[in-house]
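Structure at a glance
Each chain, letter by letter, is given below.
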Amino acid sequence: MIDELITPENLSKDLLKSVLDAALLDTSYDSEGDLKVKDRVNCFIFPNQERKDRVQLLALFGFKPETTELQRLQCANRINSEYIIVRAVVGKNDTLRFTWDIPIAGGITKKAFALAVKRFCSIPHEAIADCTGDAVA
C-alpha cells in the first residue's frame, strides 16, 4: 500500500514523472530540468524542495500588451472568485499565472495525484474564456 503513495519521504521529479507517464500523460523535462506535462495546457510541476509537503502546478499565459494593469488585476480577481481550485496571479512580463498547491503531507495516492494534474490542466482555458474577455493572448 505504501508503494501506491507519494509522500514527503519519496517525493522527487522522477517519481512524479513516472506516475504521470503511467497515467498516459505527455511528460518531459524542459531545458532547465523542470518537469512539464502537456495536456490541455503546458503545466509545470514543482515539488517543494525545502519542506517536501506539497507539489505546485503552474500554467502560464500572456496578456495582450494593450491590457492595462487594472484590467489584468480584474481578470485575476474574477478567476479567483469563480474558480476555487486554481489561484490566478498577475506575474512579471505580462503573464497570467495559474497555480495549485497539492498537499502531500501524510501521502497522496498516485492515482489521485494524476487526476489532480488532469483536473488542473482542464481549468485555465475555461477560466480565461469566462473571466478575462479578450485580455489574454
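**Remarks on the pattern of salt bridges**
- Applying the stated criterion across every chain, the model contains six salt bridges.
- Between Asp21 and Lys17 there is a salt bridge whose closest N-O contact spans 3.0 Å. Taken together, the residues Asp21 and Lys17, both in helix 1 (residues 13-22) and four residues apart, mark about one turn of the helix.
- When the shortest N-O distance is used, the salt bridge between Arg54 and Asp53 registers 3.0 Å.
- A single network of salt bridges, built from pairs that share partners, joins Arg51, Asp53 and Arg54.

**Observations concerning the nonpolar core**
- Core analysis: the biggest nonpolar cluster contains 40 residues, and Ile6, Ile45, Ile79, Leu96, Phe98, Phe113 and Val117 have the highest contact counts within it.
- If you list the elements that add at least two residues to this core, you get helix 1, strand 3 (35-38), strand 4 (42-47), strand 5 (54-62), helix 2 (69-82), strand 7 (95-103), helix 3 (110-122) and helix 4 (124-131).
- Looking at this core, the element that brings in the most residues is helix 3, giving six residues.
- Apart from the residues within four sequence positions on either side, Phe113 is in contact with Ile6, Leu16, Val19, Leu20, Ile45, Val55, Ile102 and Ile108.

**Remarks on the environment of Ala116**
- Here Ala116 lies in helix 3.
- Assessed through its relative accessible area of 12%, Ala116 is described here as buried.
- Sequence spacing of Ala116 and Gln74 is 42 residues, and the spatial spacing of their C-alpha atoms is 27 Å.
- The residues contacting Ala116, other than those within four sequence positions of it, are Leu57, Trp100 and Ile102.

**Notes on the packing of aromatic side chains**
- Evaluation of the coordinates by the stated rule reveals two aromatic pairs.
- Ring plane angle 15 degrees and centroid distance 6.3 Å describe the contact between Phe44 and Phe46, whose orientation is recorded as stacked.
- A relative accessible area of 19% means that Phe44 is categorised as buried.
- Between Phe61 and Phe98 the ring centres are 5.7 Å apart and the planes differ by 85 degrees, which places this aromatic pair in the edge-to-face class. One end of the pair, Phe61, is in strand 5; the other, Phe98, is in strand 7, and 37 residues separate them in sequence. Across the pair, Phe98 and Phe61 agree in class, each one buried.

**Details of the packing of helix 1 against helix 3**
- Where helix 1 meets helix 3, the axes come as close as 9 Å, and the angle between the chain directions of the two elements is 80 degrees. Considering the angle they form, helix 1 stands roughly perpendicular to helix 3. For the pair formed by helix 1 and helix 3, the contact residues are Leu15, Leu16, Val19 and Leu20 on the first element and Lys110, Phe113, Ala114 and Val117 on the second.
- When grouped by side-chain class, the residues that make up the contact of helix 1 with helix 3 number seven nonpolar, no polar and one charged.

**Structural notes on the sheet that holds strand 4**
- Spatially, six strands are ordered 2-3-4-5-7-6 in an open sheet, and the strand pairing comes out antiparallel. A strand with exactly one partner marks an edge of an open sheet, and here the two such strands are strand 2 (26-29) and strand 6 (87-91). Adjacent strand axes in the sheet meet at a mean angle of 30 degrees when their direction is disregarded.
- As judged from the four bridges shared by strand 2 and strand 3, these two strands associate in the antiparallel manner. Residue Ser28 lies in a different strand from strand 3, and its bridge partner there is Lys36.
- Lying over the sheet, helix 2 contacts strand 6 and strand 7, oriented at roughly 165 degrees with respect to strand 6.

Parameters and conventions
Residues numbered from 1 in each chain as written. Predicted model: local features only at pLDDT ≥ 70, side-chain atom pairs only at ≥ 80, totals over all residues. Heavy atoms only, no water. Salt bridge = Lys/Arg side-chain N within 4 Å of Asp/Glu carboxyl O. Helix = DSSP H or I, 4+ residues; strand = E, 2+ residues; numbered from the N terminus. Core = buried A, V, L, I, M, F, W, Y, C linked by side-chain atoms within 4.5 Å. Buried < 20%, exposed > 50% of the residue type's maximum accessible area, 1.4 Å probe, protein only. Contact = heavy atoms within 4.5 Å. Phe/Tyr/Trp six-rings, centres within 6.5 Å; stacked < 30°, edge-to-face > 60°. Axes fitted to C-alpha atoms, helices over the stretch in contact; angles between N-to-C directions. Parallel < 35°, antiparallel > 145°, perpendicular 65-115°, else oblique. Nonpolar A, V, L, I, M, F, W, Y, C, P; charged D, E, K, R; others polar. Pairing = 2+ DSSP bridges.

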